[in-house]
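Single-letter residue listing:
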Amino acid sequence: MKINFYESQREYKEKKHEFDGAIKNIIDSGAFILGNEVKTFEEEIKDFTGAKHAIGVASGTDALVIASDILGFSDNKEIVTTPFTFLASTSCLAKHGGKPVFVDIDEESCGMDVDQLEAAINDNTVGVLPIHLFNQMCDMDKIMEIAKKHDLKVLEDAAEAFGMRWQMQGEERYRHAGTIGDMGVFSFFPTKTLGGYGDGGMIVTNSDELADMCRMFRVHGASKKYHYDYIGYNSRLDAMQAAVLRVKLKYINNAIENRGRVAKLYTEGLKNVEGVKVQGIKSANQKNVYYVFNIFAENRDGLAEFLKSKGVATSIYYPKPLHLQKCFEYLGYKEGQFPVTEKMCKQILALPIYPELTNEEVEYICDCIKEFYN
Ligand SMILES: *Cc1c(COP(=O)(O)O)cnc(C)c1O
(Lines give C-alpha, C1' and ligand atoms only; values in the text may rest on other atoms or scores of the structure.)
Protein backbone atom coordinates (compact mmCIF):
# COMPACT_ATOMS: atom_id res chain seq x y z
CA MET A 1 0.00 0.00 0.00
CA LYS A 2 0.98 3.60 -0.53
CA ILE A 3 -0.66 6.03 1.88
CA ASN A 4 0.06 9.74 1.62
CA PHE A 5 0.12 11.91 4.70
CA TYR A 6 -2.24 14.36 3.05
CA GLU A 7 -4.43 13.78 0.04
CA SER A 8 -6.55 16.27 -1.92
CA GLN A 9 -7.13 14.22 -5.07
CA ARG A 10 -9.72 11.80 -3.71
CA GLU A 11 -12.09 14.56 -2.68
CA TYR A 12 -11.46 16.49 -5.87
CA LYS A 13 -12.26 13.46 -8.04
CA GLU A 14 -15.47 12.85 -6.08
CA LYS A 15 -16.71 16.41 -6.50
CA LYS A 16 -14.82 17.50 -9.59
CA HIS A 17 -17.84 19.12 -11.23
CA GLU A 18 -18.59 21.23 -8.17
CA PHE A 19 -15.02 22.44 -7.73
CA ASP A 20 -14.49 23.10 -11.43
CA GLY A 21 -17.82 24.92 -11.66
CA ALA A 22 -17.05 27.07 -8.62
CA ILE A 23 -13.68 28.12 -10.01
CA LYS A 24 -15.05 28.75 -13.48
CA ASN A 25 -17.77 30.98 -12.01
CA ILE A 26 -15.12 33.25 -10.53
CA ILE A 27 -13.27 33.52 -13.82
CA ASP A 28 -16.53 34.21 -15.66
CA SER A 29 -17.56 36.86 -13.13
CA GLY A 30 -14.22 38.69 -13.21
CA ALA A 31 -14.64 39.53 -9.51
CA PHE A 32 -11.26 38.40 -8.21
CA ILE A 33 -10.66 40.70 -5.22
CA LEU A 34 -13.11 40.80 -2.31
CA GLY A 35 -16.14 40.24 -4.49
CA ASN A 36 -19.39 38.52 -3.75
CA GLU A 37 -17.83 35.12 -3.29
CA VAL A 38 -15.61 36.24 -0.41
CA LYS A 39 -18.50 38.10 1.18
CA THR A 40 -20.82 35.09 0.93
CA PHE A 41 -18.15 32.78 2.34
CA GLU A 42 -17.64 35.18 5.28
CA GLU A 43 -21.40 35.07 5.92
CA GLU A 44 -21.33 31.28 5.88
CA ILE A 45 -18.41 31.19 8.33
CA LYS A 46 -20.35 33.52 10.63
CA ASP A 47 -23.32 31.16 10.49
CA PHE A 48 -21.19 28.10 11.12
CA THR A 49 -19.11 29.52 13.97
CA GLY A 50 -21.56 31.94 15.55
CA ALA A 51 -18.99 34.75 15.30
CA LYS A 52 -20.43 38.23 14.84
CA HIS A 53 -17.78 39.14 12.25
CA ALA A 54 -15.58 37.15 9.88
CA ILE A 55 -12.88 38.82 7.79
CA GLY A 56 -11.10 36.83 5.08
CA VAL A 57 -7.35 37.40 4.71
CA ALA A 58 -4.53 35.84 2.69
CA SER A 59 -3.39 33.19 5.21
CA GLY A 60 -3.60 32.06 8.81
CA THR A 61 -0.22 33.68 9.37
CA ASP A 62 -1.48 37.03 8.05
CA ALA A 63 -4.56 36.69 10.24
CA LEU A 64 -2.28 36.33 13.28
CA VAL A 65 -0.01 39.21 12.23
CA ILE A 66 -2.93 41.57 11.58
CA ALA A 67 -4.79 40.61 14.76
CA SER A 68 -1.61 41.04 16.85
CA ASP A 69 -1.06 44.46 15.32
CA ILE A 70 -4.63 45.56 16.09
CA LEU A 71 -4.57 44.19 19.65
CA GLY A 72 -1.33 46.01 20.45
CA PHE A 73 0.75 42.87 20.82
CA SER A 74 3.80 44.99 19.99
CA ASP A 75 6.45 47.41 21.25
CA ASN A 76 8.02 45.28 23.99
CA LYS A 77 4.66 44.45 25.54
CA GLU A 78 4.51 40.89 26.82
CA ILE A 79 2.18 38.21 25.54
CA VAL A 80 1.99 34.79 27.19
CA THR A 81 1.93 31.80 24.85
CA THR A 82 3.43 28.31 24.41
CA PRO A 83 6.54 27.13 22.50
CA PHE A 84 5.04 23.89 21.15
CA THR A 85 3.40 25.18 17.98
CA PHE A 86 3.90 26.34 14.42
CA LEU A 87 6.23 29.30 14.05
CA ALA A 88 3.48 31.76 13.08
CA SER A 89 1.82 31.62 16.52
CA THR A 90 4.86 33.40 17.95
CA SER A 91 6.42 35.21 14.97
CA CYS A 92 3.22 37.29 14.70
CA LEU A 93 4.10 38.86 18.07
CA ALA A 94 7.79 39.29 17.38
CA LYS A 95 7.09 40.92 14.00
CA HIS A 96 5.67 43.96 15.79
CA GLY A 97 8.31 43.98 18.50
CA GLY A 98 6.04 42.31 21.03
CA LYS A 99 7.75 40.02 23.51
CA PRO A 100 6.60 36.39 23.52
CA VAL A 101 6.68 34.91 27.03
CA PHE A 102 6.48 31.13 27.01
CA VAL A 103 4.86 28.78 29.49
CA ASP A 104 4.96 25.01 29.10
CA ILE A 105 2.19 22.84 27.70
CA ASP A 106 -0.10 20.37 29.33
CA GLU A 107 1.07 16.83 28.61
CA GLU A 108 -2.27 15.45 27.50
CA SER A 109 -3.77 18.25 25.42
CA CYS A 110 -0.47 19.77 24.22
CA GLY A 111 -2.16 23.15 24.79
CA MET A 112 -1.19 25.78 27.34
CA ASP A 113 -0.73 24.51 30.89
CA VAL A 114 -3.10 27.04 32.40
CA ASP A 115 -1.74 26.43 35.89
CA GLN A 116 1.44 28.22 34.78
CA LEU A 117 -0.29 31.18 33.16
CA GLU A 118 -0.78 33.50 36.09
CA ALA A 119 2.84 33.31 37.26
CA ALA A 120 3.97 34.53 33.82
CA ILE A 121 1.90 37.72 33.99
CA ASN A 122 3.38 41.04 35.10
CA ASP A 123 2.63 44.77 34.71
CA ASN A 124 3.98 44.71 31.18
CA THR A 125 1.75 41.85 30.02
CA VAL A 126 -1.01 42.82 27.57
CA GLY A 127 -2.22 39.54 26.17
CA VAL A 128 -2.55 35.78 26.06
CA LEU A 129 -2.25 33.75 22.88
CA PRO A 130 -3.60 30.23 23.41
CA ILE A 131 -3.14 27.73 20.59
CA HIS A 132 -5.82 25.09 20.11
CA LEU A 133 -3.51 22.43 18.81
CA PHE A 134 -4.15 19.23 16.86
CA ASN A 135 -7.53 18.02 18.02
CA GLN A 136 -8.70 19.85 21.11
CA MET A 137 -9.04 23.25 22.66
CA CYS A 138 -7.14 24.89 25.52
CA ASP A 139 -8.97 25.39 28.81
CA MET A 140 -10.84 28.54 27.79
CA ASP A 141 -12.69 28.85 31.11
CA LYS A 142 -9.43 29.26 32.97
CA ILE A 143 -7.77 31.43 30.33
CA MET A 144 -10.71 33.85 30.10
CA GLU A 145 -10.97 34.04 33.88
CA ILE A 146 -7.29 34.94 34.29
CA ALA A 147 -7.35 37.32 31.30
CA LYS A 148 -10.31 39.15 32.76
CA LYS A 149 -8.70 39.43 36.18
CA HIS A 150 -5.53 40.98 34.71
CA ASP A 151 -7.25 42.95 31.93
CA LEU A 152 -5.51 41.07 29.12
CA LYS A 153 -6.52 40.67 25.48
CA VAL A 154 -6.97 37.13 24.22
CA LEU A 155 -6.06 36.10 20.68
CA GLU A 156 -6.98 32.49 19.94
CA ASP A 157 -4.84 30.70 17.39
CA ALA A 158 -7.58 28.45 16.05
CA ALA A 159 -5.69 27.79 12.79
CA GLU A 160 -6.06 24.06 13.42
CA ALA A 161 -9.32 24.22 15.30
CA PHE A 162 -12.01 24.62 12.68
CA GLY A 163 -15.18 22.90 13.89
CA MET A 164 -14.07 22.67 17.53
CA ARG A 165 -16.41 23.97 20.22
CA TRP A 166 -16.07 24.62 23.93
CA GLN A 167 -18.78 24.74 26.58
CA MET A 168 -18.04 27.52 29.07
CA GLN A 169 -19.00 26.72 32.65
CA GLY A 170 -22.64 27.56 33.34
CA GLU A 171 -23.57 27.87 29.65
CA GLU A 172 -25.83 25.59 27.64
CA ARG A 173 -24.36 26.39 24.26
CA TYR A 174 -20.99 25.44 22.87
CA ARG A 175 -18.85 28.28 21.53
CA HIS A 176 -16.75 27.76 18.43
CA ALA A 177 -12.95 27.98 18.76
CA GLY A 178 -11.76 31.50 18.01
CA THR A 179 -14.99 33.18 19.12
CA ILE A 180 -14.36 33.17 22.88
CA GLY A 181 -11.40 35.57 23.15
CA ASP A 182 -11.19 39.07 21.67
CA MET A 183 -10.15 37.74 18.28
CA GLY A 184 -9.53 34.34 16.73
CA VAL A 185 -7.92 33.14 13.53
CA PHE A 186 -8.45 30.23 11.14
CA SER A 187 -6.09 28.90 8.50
CA PHE A 188 -7.35 27.45 5.24
CA PHE A 189 -3.96 25.96 4.33
CA PRO A 190 -4.73 22.89 2.18
CA THR A 191 -4.06 20.30 4.91
CA LYS A 192 -6.31 21.96 7.50
CA THR A 193 -9.75 20.62 8.41
CA LEU A 194 -11.28 23.27 6.15
CA GLY A 195 -8.50 23.62 3.58
CA GLY A 196 -8.46 25.39 0.23
CA TYR A 197 -6.51 24.85 -2.97
CA GLY A 198 -3.88 27.34 -1.84
CA ASP A 199 -3.34 29.75 1.04
CA GLY A 200 -6.16 31.46 2.89
CA GLY A 201 -7.12 32.62 6.36
CA MET A 202 -9.77 34.38 8.41
CA ILE A 203 -10.11 36.53 11.50
CA VAL A 204 -13.25 36.22 13.62
CA THR A 205 -14.37 38.58 16.38
CA ASN A 206 -17.53 39.65 18.18
CA SER A 207 -16.35 43.26 18.42
CA ASP A 208 -17.68 45.75 15.83
CA GLU A 209 -14.71 48.02 16.40
CA LEU A 210 -12.05 45.33 15.98
CA ALA A 211 -13.85 44.00 12.89
CA ASP A 212 -13.86 47.47 11.29
CA MET A 213 -10.13 47.69 11.87
CA CYS A 214 -9.56 44.24 10.32
CA ARG A 215 -11.50 45.29 7.23
CA MET A 216 -9.32 48.40 6.93
CA PHE A 217 -6.05 46.63 7.72
CA ARG A 218 -6.50 44.07 4.92
CA VAL A 219 -6.79 46.87 2.34
CA HIS A 220 -3.70 48.87 3.35
CA GLY A 221 -5.47 50.54 6.28
CA ALA A 222 -7.93 52.36 4.02
CA SER A 223 -11.24 53.59 5.44
CA LYS A 224 -12.31 54.34 1.89
CA LYS A 225 -10.50 54.01 -1.40
CA TYR A 226 -7.18 55.92 -1.32
CA HIS A 227 -7.85 57.27 2.20
CA TYR A 228 -5.53 55.57 4.65
CA ASP A 229 -6.28 55.76 8.39
CA TYR A 230 -3.65 53.16 9.27
CA ILE A 231 -0.51 51.66 7.78
CA GLY A 232 -2.06 48.34 6.90
CA TYR A 233 -1.49 45.27 4.76
CA ASN A 234 -2.40 43.91 1.39
CA SER A 235 -3.96 40.68 2.59
CA ARG A 236 -7.23 39.44 1.23
CA LEU A 237 -8.77 36.00 0.98
CA ASP A 238 -8.61 35.17 -2.73
CA ALA A 239 -12.01 34.87 -4.44
CA MET A 240 -10.95 31.61 -6.11
CA GLN A 241 -10.09 30.13 -2.69
CA ALA A 242 -13.38 31.38 -1.25
CA ALA A 243 -15.20 29.55 -4.06
CA VAL A 244 -13.34 26.29 -3.33
CA LEU A 245 -13.83 26.69 0.42
CA ARG A 246 -17.57 27.25 -0.04
CA VAL A 247 -17.84 23.86 -1.73
CA LYS A 248 -15.86 22.25 1.08
CA LEU A 249 -17.88 23.97 3.82
CA LYS A 250 -21.05 22.34 2.49
CA TYR A 251 -19.63 18.94 3.41
CA ILE A 252 -17.65 19.92 6.51
CA ASN A 253 -19.80 18.10 9.06
CA ASN A 254 -19.46 14.90 7.11
CA ALA A 255 -15.70 15.45 6.78
CA ILE A 256 -15.39 16.00 10.54
CA GLU A 257 -17.40 12.84 11.21
CA ASN A 258 -15.11 10.86 8.96
CA ARG A 259 -12.03 12.21 10.74
CA GLY A 260 -13.66 10.94 13.93
CA ARG A 261 -14.19 7.53 12.32
CA VAL A 262 -10.50 7.29 11.43
CA ALA A 263 -9.43 8.44 14.91
CA LYS A 264 -11.67 5.84 16.55
CA LEU A 265 -10.20 3.06 14.42
CA TYR A 266 -6.66 4.14 15.29
CA THR A 267 -7.51 4.39 19.00
CA GLU A 268 -8.96 0.89 19.04
CA GLY A 269 -6.28 -0.58 16.82
CA LEU A 270 -3.40 0.79 18.87
CA LYS A 271 -4.72 0.56 22.41
CA ASN A 272 -2.76 -2.54 23.43
CA VAL A 273 0.44 -1.84 21.54
CA GLU A 274 3.36 -1.49 23.89
CA GLY A 275 5.60 1.42 22.99
CA VAL A 276 2.76 3.58 21.71
CA LYS A 277 0.40 5.91 23.52
CA VAL A 278 -2.48 7.56 21.71
CA GLN A 279 -3.03 11.23 22.48
CA GLY A 280 -6.13 11.60 24.62
CA ILE A 281 -8.72 14.37 24.93
CA LYS A 282 -8.24 16.24 28.18
CA SER A 283 -11.50 18.10 28.77
CA ALA A 284 -14.93 16.59 28.32
CA ASN A 285 -16.69 19.95 27.99
CA GLN A 286 -15.88 20.31 24.32
CA LYS A 287 -16.69 18.99 20.88
CA ASN A 288 -13.31 18.12 19.51
CA VAL A 289 -12.24 17.59 15.91
CA TYR A 290 -9.44 15.32 14.77
CA TYR A 291 -7.34 17.60 12.61
CA VAL A 292 -4.29 15.38 13.20
CA PHE A 293 -3.92 12.00 14.84
CA ASN A 294 -0.93 11.89 17.15
CA ILE A 295 0.76 9.06 18.94
CA PHE A 296 3.54 9.29 21.50
CA ALA A 297 6.01 6.66 20.42
CA GLU A 298 9.12 5.00 21.82
CA ASN A 299 11.88 5.09 19.19
CA ARG A 300 9.74 7.54 17.25
CA ASP A 301 12.24 8.10 14.45
CA GLY A 302 12.74 4.36 13.99
CA LEU A 303 8.99 3.87 13.71
CA ALA A 304 8.67 6.70 11.18
CA GLU A 305 11.42 5.12 9.05
CA PHE A 306 9.76 1.72 9.27
CA LEU A 307 6.36 3.12 8.26
CA LYS A 308 7.96 4.90 5.34
CA SER A 309 9.45 1.59 4.16
CA LYS A 310 5.90 0.20 4.31
CA GLY A 311 4.53 3.00 2.13
CA VAL A 312 3.01 4.99 5.00
CA ALA A 313 3.90 8.68 5.23
CA THR A 314 3.93 10.39 8.63
CA SER A 315 4.74 13.85 9.92
CA ILE A 316 6.17 15.38 13.07
CA TYR A 317 4.42 18.35 14.65
CA TYR A 318 6.79 19.66 15.96
CA PRO A 319 10.36 18.38 15.90
CA LYS A 320 11.90 21.50 17.44
CA PRO A 321 10.22 23.78 19.98
CA LEU A 322 10.09 27.51 19.30
CA HIS A 323 12.15 28.48 22.38
CA LEU A 324 15.11 26.61 20.87
CA GLN A 325 14.78 28.02 17.34
CA LYS A 326 17.62 30.16 16.08
CA CYS A 327 15.29 33.05 15.22
CA PHE A 328 14.19 33.28 18.87
CA GLU A 329 17.65 32.98 20.41
CA TYR A 330 17.39 36.64 21.43
CA LEU A 331 14.60 35.76 23.87
CA GLY A 332 17.24 33.98 25.96
CA TYR A 333 15.51 30.67 26.61
CA LYS A 334 17.58 27.54 27.31
CA GLU A 335 17.14 23.84 26.76
CA GLY A 336 15.39 22.22 29.73
CA GLN A 337 13.14 25.19 30.52
CA PHE A 338 10.01 23.62 29.07
CA PRO A 339 10.38 19.91 29.80
CA VAL A 340 6.93 18.79 28.62
CA THR A 341 7.33 20.58 25.29
CA GLU A 342 10.80 19.15 24.81
CA LYS A 343 9.64 15.64 25.64
CA MET A 344 6.76 15.90 23.15
CA CYS A 345 9.11 17.02 20.40
CA LYS A 346 10.99 13.75 20.81
CA GLN A 347 7.99 11.40 21.05
CA ILE A 348 5.19 12.77 18.96
CA LEU A 349 4.29 11.34 15.56
CA ALA A 350 1.30 12.24 13.39
CA LEU A 351 -0.34 9.47 11.37
CA PRO A 352 -2.31 10.08 8.17
CA ILE A 353 -5.86 11.28 8.80
CA TYR A 354 -8.27 12.63 6.23
CA PRO A 355 -11.96 12.03 5.62
CA GLU A 356 -11.35 9.78 2.61
CA LEU A 357 -8.92 7.43 4.38
CA THR A 358 -10.45 3.94 4.25
CA ASN A 359 -10.89 1.54 7.18
CA GLU A 360 -8.64 -0.89 5.36
CA GLU A 361 -5.86 1.67 5.15
CA VAL A 362 -6.10 2.54 8.85
CA GLU A 363 -6.00 -1.15 9.74
CA TYR A 364 -2.93 -1.59 7.55
CA ILE A 365 -1.18 1.30 9.33
CA CYS A 366 -2.05 -0.18 12.76
CA ASP A 367 -0.73 -3.56 11.65
CA CYS A 368 2.54 -1.99 10.52
CA ILE A 369 2.93 -0.27 13.89
CA LYS A 370 2.28 -3.54 15.73
CA GLU A 371 4.82 -5.29 13.52
CA PHE A 372 7.44 -2.68 14.41
CA TYR A 373 7.02 -3.09 18.16
CA ASN A 374 6.88 -6.87 18.03
C1 LIG B 1 -1.26 26.33 9.99
C2 LIG B 1 -1.04 27.11 11.23
C3 LIG B 1 -0.82 28.49 11.21
C4 LIG B 1 -0.57 29.28 9.96
O5 LIG B 1 -1.50 29.19 8.96
P6 LIG B 1 -1.11 29.48 7.44
O7 LIG B 1 -2.45 29.59 6.77
O8 LIG B 1 -0.30 28.32 6.95
O9 LIG B 1 -0.37 30.75 7.37
C10 LIG B 1 -0.74 29.16 12.42
N11 LIG B 1 -0.83 28.51 13.60
C12 LIG B 1 -0.99 27.18 13.66
C13 LIG B 1 -1.09 26.51 14.98
C14 LIG B 1 -1.08 26.43 12.47
O15 LIG B 1 -1.22 25.11 12.54
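What counts and how
Residues numbered from 1 in each chain as written. Predicted model: local features only at pLDDT ≥ 70, side-chain atom pairs only at ≥ 80, totals over all residues. Heavy atoms only, no water. Axes fitted to C-alpha atoms, helices over the stretch in contact; angles between N-to-C directions. Helix = DSSP H or I, 4+ residues; strand = E, 2+ residues; numbered from the N terminus. Left-handed = near helix turned anticlockwise from the far one by under 90°. Contact = heavy atoms within 4.5 Å. Nonpolar A, V, L, I, M, F, W, Y, C, P; charged D, E, K, R; others polar. Pairing = 2+ DSSP bridges. Domains from an automatic or database assignment. Buried area = accessible area lost by both parts, 1.4 Å probe. Salt bridge = Lys/Arg side-chain N within 4 Å of Asp/Glu carboxyl O. Polar contact = N/O pair within 3.5 Å; in protein donor to acceptor, adjacent residues only side chain to side chain.

- The protein carries the name Pleiotropic regulatory protein in an unreviewed UniProt entry, which gives Clostridium sulfidigenes as its organism.

### Looking at the packing of helix α3 (residues 36–49) against helix α8 (residues 239–250)
Any two packed helices are characterised by the angle at which their axes cross and by the distance between the axes.
Next, step 1: Packing of α3 against α8 leaves a shortest axis separation of 8 Å and a crossing angle of 35 degrees. The way α3 lies across α8 gives a crossing that is left-handed. On α8, the residues touching Glu37, Val38, Thr40, Phe41, Glu44, Ile45 and Phe48 of α3 are Ala239, Ala242, Ala243, Leu245, Arg246 and Leu249.
Next, step 2: Of the residues in the contact of α3 with α8, the class split is 9 nonpolar, 1 polar and 3 charged.

### Some remarks on the sheet that holds strand β12 (residues 276–278)
Next, step 1: The strand order across the open sheet built from 3 strands is β12-β14-β15, with neighbouring strands paired in antiparallel fashion. Edge positions in the sheet fall to β12 and β15 (348–351), since each has one partner strand and no second. This sheet shows a mean twist of 35 degrees between the axes of neighbouring strands, independent of strand direction.
Next, step 2: Of the strands in this sheet, β12, β14 (293–297) and β15 are in contact with helix α9 (residues 252–270), which crosses β14 at around 20 degrees.

### Focus on the domain arrangement of the protein
Next, step 1: Here the domain parsing of the protein yields domain 1 (9–102 + 110–250) and domain 2 (252–373).
Next, step 2: If you average the C-alpha positions of domain 1 and of domain 2, the two centres end up 24 Å apart.
Next, step 3: Facing the 38 residues of domain 1 at the interface are 39 residues of domain 2.
Next, step 4: In this assembly, domain 1 packs against domain 2 so that about 3,300 Å² is buried in total across both faces, 60% of it on carbon and sulfur atoms.
Next, step 5: Arg10 is paired through a salt bridge with Glu361; the nearest N and O atoms lie 2.8 Å apart.
Next, step 6: Counting across the interface, domain 1 meets domain 2 through 16 residue pairs in polar contact (both at pLDDT 80 or more).
Next, step 7: Residue assignment for the side of domain 1 that touches domain 2 shows that the elements contributing at least two residues are α1 (9–14), α5 (88–94), β3 (99–102), β6 (165–166) and α8.

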